[in-house]
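One letter stands for each residue in the lines below.
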Amino acid sequence: MAETGTQQQRHLGLFGATGIGVGAIVGGGILALAGVAFTATGAAAWLAFLLNGGIAIVTALSFAELSSAFPQSGGTYLYAKRVLSVGAAFSVGWVVWFASIVAAALYAVGFSTFLLDALRGLIPIPREGLAFTVVLVGVALLATLVCTWMLCGASRGGANWMNILKLVVFAVLIMAGLHAWFRQGTVSIQRLTTPVLPYGFKGLVTAMGFTFIALQGFDLIAAVAGEVKSPRHTLPRAMILSLLIALAVYVPLMILIAVAGVPEGRQLNEWTAEARDLVVVQAARVFMGEIGFWLVILVGIVSMLSALIANLYAASRIARAMAQDRTLPRFMDQLSVRTGMPIKALWCTGGTACLVLLVVQDVGRAGAAASLIFLITFALTQLICILARIRKPNHQGYKLPFWPVLPGLGVVACSALAIFQGMTVPAAGLITGAWLVAGFFCYLWVFGQRARVYDAASESFDPDLLELRGRSPLVLVPIANPANAGTMALLAACIAPPRVGRILLLNVARMPGLEDPDDESDLQVTADVIQKSMSAAMRERIRAEGLATLARDPWMEIDRVARTHRCASVLLGMASLQDDAIRERLEGLVSRLPGNVMILRAPQKWSPRAVQRVLVPIGGRVGHNALRARLLYGLQRRVDVQEGLDIHYLMVMPTSTSAHEVARVKRLWESLITDETQARFQVDTVPSDDVAQAIVDASSNMDLLVLGLNKSDPKKRVFGRLTTQVVQQVRCAVVVIGQRG
């Protein structure tokens, strides 16, 4: 959980980080959704904002702990990646990215609305009809594209002058409202209390669901944590400070609108229903006349723009963090040489926001959808906070008080509000559901394979990752010959992650038969095997455990032990595949084992420490890469050769293949292999119609050959004809791997 990022990359101090939060929170949400809140719950709208503020503060404390413990850009996605599996992390990141995109669409619509209202103050423009909708969406699309283009040319996100201008205008507006309230006298206070909840508790919760997005923005600070100076101290302060500033503006303003901002002779509920998203603008006209109207129009335009920019900025950081882990296309990780901005991630984010704008053209629907999505992500974040503290209680970041009570309450509050919101506004649930379905198929068909490979490599050199995920993978190594124990244990250590991985050395003694029940010769051999195996593991400084069992069938016993101990992988040894009986038993065992399988056939005195040249045949399928990535990283970590590994990936292609096709496939594999290993590698192409012979010829000067099994396909034999032929002919050590699923 060490801080990452260079001093040059960390350019945001407390003022800059708070500015990102204030830019995303203050102004845009209340200006766009105040009318929705009043329509749902009447004069108690201020209470909806206050209660949302309490939920947001509890959530921000969880964000503060996680972002200071993991001070890298990515926000909720980063935390999910550290604590959950890569598939679950993708789901969280996919939702969080979309949440900021929908929020950006909301503020783009809000900007367009305020800009058109400003024009309506100068020239008569109808506010209804198809033409108005087309213009509204067109302006929103243009604003989104322009802001994306501006961010691509900027050196950093945020615009603090916008924040200062907003706060000054809101302060003037609040003071004018107070003056109007005092001028009217105490009778106006009755508008807040008669009745307190005119639409009951349901109306209050409805208003909370619609307007929760108005307090979203503190999480964007976490999304850019990799650019914040002194993250352990700055991040918590910036989040809480930005929320307190927002509440200091929102609650008084909502109260003042209810008691002093309604035109004389009008009822609050009917007036807010007519004014809709112009409630604050019309209230300002009551407070301050035409000056107030134009001030709020101005601050509305500025607020919507700053919130749009902040959400595009943070969403691009989330997309880039996902691209770094291959859960989004890798090109989104690229930074501009001139500005250091992730231009491709920005354009993908801005383009997706434009698509959302075409679907969601209404401020109320956009706000409801954005609130629902953020409530889901905030509930997940607080759950992750609980899991992270359980698995890593001594991290050096900020620790929220009253753990786990506060994050537990936050999970319940956010989840309940999200469920209610989904039921109250079905359109919001449909939008969220459609995005989740799209994400499922994208991960299944496009991103999943590469993401799992990269994640397996990450686990191999980052023990904290597995520890935070609550995993301690166990590798089962059946040992029959103590002379091979050191080699087998060392190879098992290559796929067992450092510090958290475990190795179980197993020897199975045959149960004495009925004809000679007192025969204990096998037990004496077992004791000798276990003793020598553990001694060999100790010499190799490998964390290992020993287990001896009695069974009539050693093959079935290996399967039983693997299932009982929930072994992640099983490492087996083999002499050859020429004996049909042994091959059949080995195939039967491998096909039954629930986890990953590695099978080693090695010459005498061969050691993984002496491996330098590795041959990896590759073909059309991208199978076994995750397990292969663990093996190659482990070998790189364990070898004694000073130069490290030299990996040769071999593509055997038919002699009829064109040069263009060979070059294309080679470029594809070179791109994929960078996710699998950090050792030196090269991709060799060999034209041949005899694949087995080409592999045998290429392995003549290699130390290790890595082949794949057909374990993931139950319709095929585990040892295919090609694998069997190659294993029988090569002279170097061979590892055959089969990955679960």
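Predicted model only: the values in this text are computed from it and were never measured.

1. Considering the overall build of the protein
Next up, step 1: For the protein, the count of helices and strands is 27 helices and 10 strands.
Next up, step 2: A sequence separation of at least 24 residues applies to 83% of the contacts in the protein between residues at least 6 apart.
Next up, step 3: In the form shown here, the protein has an accessible surface area of approximately 30400 Å², with 60% of it arising from carbon and sulfur atoms.

2. Side note on the pairing of strand β2 (residues 502-510)
Next up, step 1: β2 sits mainly inside the fold: seven of its nine residues count as buried.
Next up, step 2: With respect to chirality, the unit in which strand β1 (residues 474-478) leads through helix α20 (residues 485-495) into the neighbouring parallel β2 is right-handed.
Next up, step 3: Two strands pair when backbone bridges link them, and β2 and strand β3 (residues 544-551) are joined in this way by eight bridges, in the parallel orientation. Note that in β3 the partner of Val 508 across the bridge is Thr 549.

3. Brief notes about empty space enclosed by the protein
Next up, step 1: All chains considered together, the criterion is met by two cavities of 30 Å³ or more.
Next up, step 2: Roughly 50 Å³ of internal volume is contained in the second largest cavity.
Next up, step 3: Where the lining of the second largest cavity is concerned, the elements lending two or more residues are α5 (86-120), α10 (218-223) and α16 (363-391).
Next up, step 4: With three residues, the top contributor of residues to the lining of the second largest cavity is α10.
Next up, step 5: Of the residues assigned to the lining of the second largest cavity, the class counts are six nonpolar, four polar and one charged.

4. Topic: unusual backbone geometry
Next up, step 1: Residue Pro 404 follows Trp 403 across a cis peptide bond; omega there is 0°.
Next up, step 2: Take Pro 404: it is sitting in the loop between α16 and α17 (405-424).
Next up, step 3: A positive phi is found at Arg 326, a non-glycine position, where the angle reads about 65°.
Next up, step 4: Following the sequence through the fold, Arg 326 ends up in the loop between α14 (290-324) and α15 (343-359).
Next up, step 5: For Arg 326, a relative accessible area of 7% puts it in the buried group.
Next up, step 6: Positive phi outside glycine occurs at Phe 402, with the angle close to 55°.
Next up, step 7: Assignment of secondary structure puts Phe 402 in the loop between α16 and α17.

5. Some points on the side chain of Arg 326
Next up, step 1: Within the local environment of Arg 326, its side chain forms a polar contact with the side chain of Asp 675, the two groups lying 2.7 Å apart.
Next up, step 2: Not counting residues within four places of it along the chain, the set of residues in contact with Arg 326 comprises Phe 447, Arg 450, Ala 451, Tyr 454 and Asp 675.

6. A word on the packing of aromatic side chains
Next up, step 1: Here the structure, examined in full by the defined rule, presents 19 aromatic pairs.
Next up, step 2: Centroid distance Phe 218 to Phe 378: 5.3 Å. Interplanar angle 35°. Geometry classified as tilted. With Phe 218 in helix α10 and Phe 378 in helix α16, the pair connects residues that are 160 residues apart, well separated along the chain. Side by side, Phe 218 and Phe 378 carry an identical accessibility label, which is buried.
Next up, step 3: Grouped by ring-pair contacts, the aromatic residues Phe 63, Phe 70, Tyr 79, Phe 212, Phe 218, Phe 374 and Phe 378 constitute a single cluster.
Next up, step 4: Here the basic side chain of Arg 285 rests over the ring of Phe 293, its NZ or CZ set 4.0 Å away from the ring centre.

7. Regarding the environment of Ala 89
Next up, step 1: Looking at where Ala 89 falls in the secondary structure, it is placed in helix α5.
Next up, step 2: Spatially, the C-alpha atom of Ala 89 lies 8.1 Å from that of Tyr 79, the residues being 10 residues apart in sequence.
Next up, step 3: Those residues in contact with Ala 89 that lie beyond four places of it in its chain are Tyr 77, Ala 80 and Lys 81.

8. Re α14
Next up, step 1: Compared with an ideal rise of 1.5 Å per residue, which puts 35 residues at 51 Å, α14 spans 51 Å between its outermost C-alpha atoms and is within 8% of the ideal.
Next up, step 2: Most of α14 sits inside the fold, with 27 of its 35 residues counted as buried.
Next up, step 3: Within two residues after α14, Arg 326 carries a phi angle of roughly 65°, on the positive side.

9. Thoughts on the confidence of the model for the protein
Next up, step 1: Looking at the protein as a whole, the pLDDT averages 82, with 89% of positions reaching at least 70.
Next up, step 2: A low-confidence stretch, residues 1-8 stays under pLDDT 50, and its non-local contacts, those more than four residues away or across chains, total 17 contacts.

10. Overview of the side chain of Lys 81
Next up, step 1: In this fold, Lys 81 is placed in helix α4 (residues 76-83).
Next up, step 2: Since its relative accessible area comes to 17%, Lys 81 is described here as buried.

11. Overview of the sheet that holds strand β9 (residues 704-708)
Across a sheet, strands are paired by hydrogen bonds formed along the backbone, either parallel or antiparallel in direction.
Next up, step 1: One open sheet holds the 10 strands; their spatial order is β3-β2-β1-β4-β5-β10-β9-β6-β7-β8, and the pairing between them is mixed. Only two strands of the sheet have a single partner each, and these edge strands are β3 and β8 (680-687). Taken pair by pair, the neighbouring strands of this sheet meet at an average axis angle of 25°, ignoring direction.
Next up, step 2: In the sheet, β9 pairs with strand β10 (residues 733-738) via five bridges, with the strands oriented parallel. What sits directly across from Gly 708, in β10, is Ile 737.

12. Quick notes on the pattern of salt bridges
Next up, step 1: Counting across every chain of the model gives 14 salt bridges.
Next up, step 2: Here Arg 560 and Glu 557 are joined by a salt bridge, their closest N and O atoms 2.7 Å apart. Placement of both Arg 560 and Glu 557 in helix α22 (residues 554-564) is noted, with a separation of three residues, approximately one turn of the helix.
Next up, step 3: The exposure class assigned to Glu 557 is buried, which follows from its relative accessible area of 7%.
Next up, step 4: For the salt bridge of Glu 676 with Arg 628, the shortest nitrogen-to-oxygen distance reads 2.7 Å. Note that Glu 676 is positioned in the loop between α25 (659-673) and β8 and Arg 628 in helix α24 (residues 625-638), a separation of 48 residues in sequence. Residue Glu 676 shares its accessibility class with Arg 628, and that shared class is buried.
Next up, step 5: Among the charged side chains, a salt-bridge network with shared partners connects Arg 326, Arg 450 and Asp 675.

13. A short note on the packing of α5 against α15
Next up, step 1: Two elements in contact, α5 and α15, have axes separated by 9 Å at closest approach and are oriented at 60°. Judged on the interaxial angle alone, α15 and α5 are oblique. Pair α5 / α15 crosses with right-handed handedness. Contact residues: Trp 97, Phe 98, Ile 101, Val 102, Ala 105, Ala 108 and Val 109 in α5; Cys 348, Thr 349, Thr 352, Ala 353, Val 356 and Leu 357 in α15.
Next up, step 2: The residue inventory of the contact of α5 with α15, partitioned by class, reads 11 nonpolar, two polar and no charged.

14. Points about helix α11 (residues 231-260)
Next up, step 1: In this model, α11 (30 residues) spans 43 Å end to end at C-alpha, consistent with the 44 Å of a helix rising 1.5 Å per residue.
Next up, step 2: Counting buried positions along α11 yields 21 of 30 residues, so the element is predominantly enclosed.

15. Brief notes about a nonpolar patch on the surface
Next up, step 1: Taken together, Leu 142, Leu 145, Val 146, Trp 149, Met 150 and Trp 347 make up a surface patch of nonpolar side chains, about 610 Å² in accessible area.
Next up, step 2: It is helix α6 (residues 130-152) that contributes the most residues to the nonpolar patch, five residues altogether.
Next up, step 3: You can see Leu 145 is positioned in helix α6.
Next up, step 4: With a relative accessible area of 37%, Leu 145 lands in the partly exposed category.

Calculation criteria
Residues numbered from 1 in each chain as written. Predicted model: local features only at pLDDT ≥ 70, side-chain atom pairs only at ≥ 80, totals over all residues. Heavy atoms only, no water. Helix = DSSP H or I, 4+ residues; strand = E, 2+ residues; numbered from the N terminus. Contact = heavy atoms within 4.5 Å. Areas by Shrake-Rupley, 256 points an atom, 1.4 Å probe, with all protein chains shown as cover. Buried < 20%, exposed > 50% of the residue type's maximum accessible area, 1.4 Å probe, protein only. Right-handed = clockwise from strand over helix to strand, strands pointing away. Pairing = 2+ DSSP bridges. 1 Å grid on protein atoms, 1.4 Å probe; cavity = no way out; pocket = protein on both sides within 12 Å on 5 of 7 lines; lining within 4 Å. Points joined across faces, edges and corners; volume = space filled by probe spheres on them. Nonpolar A, V, L, I, M, F, W, Y, C, P; charged D, E, K, R; others polar. Polar contact = N/O pair within 3.5 Å; in protein donor to acceptor, adjacent residues only side chain to side chain. Phe/Tyr/Trp six-rings, centres within 6.5 Å; stacked < 30°, edge-to-face > 60°. Lys NZ or Arg CZ within 6 Å of the ring centre and 35° of its normal. Expected span 1.5 Å × (residues − 1). pLDDT = per-residue confidence, 0-100. Axes fitted to C-alpha atoms, helices over the stretch in contact; angles between N-to-C directions. Salt bridge = Lys/Arg side-chain N within 4 Å of Asp/Glu carboxyl O. Parallel < 35°, antiparallel > 145°, perpendicular 65-115°, else oblique. Left-handed = near helix turned anticlockwise from the far one by under 90°. Patch = residues over 30% accessible without salt bridge, like charges linked within 9 Å, V, L, I, M, F, W, Y side chains within 5 Å.

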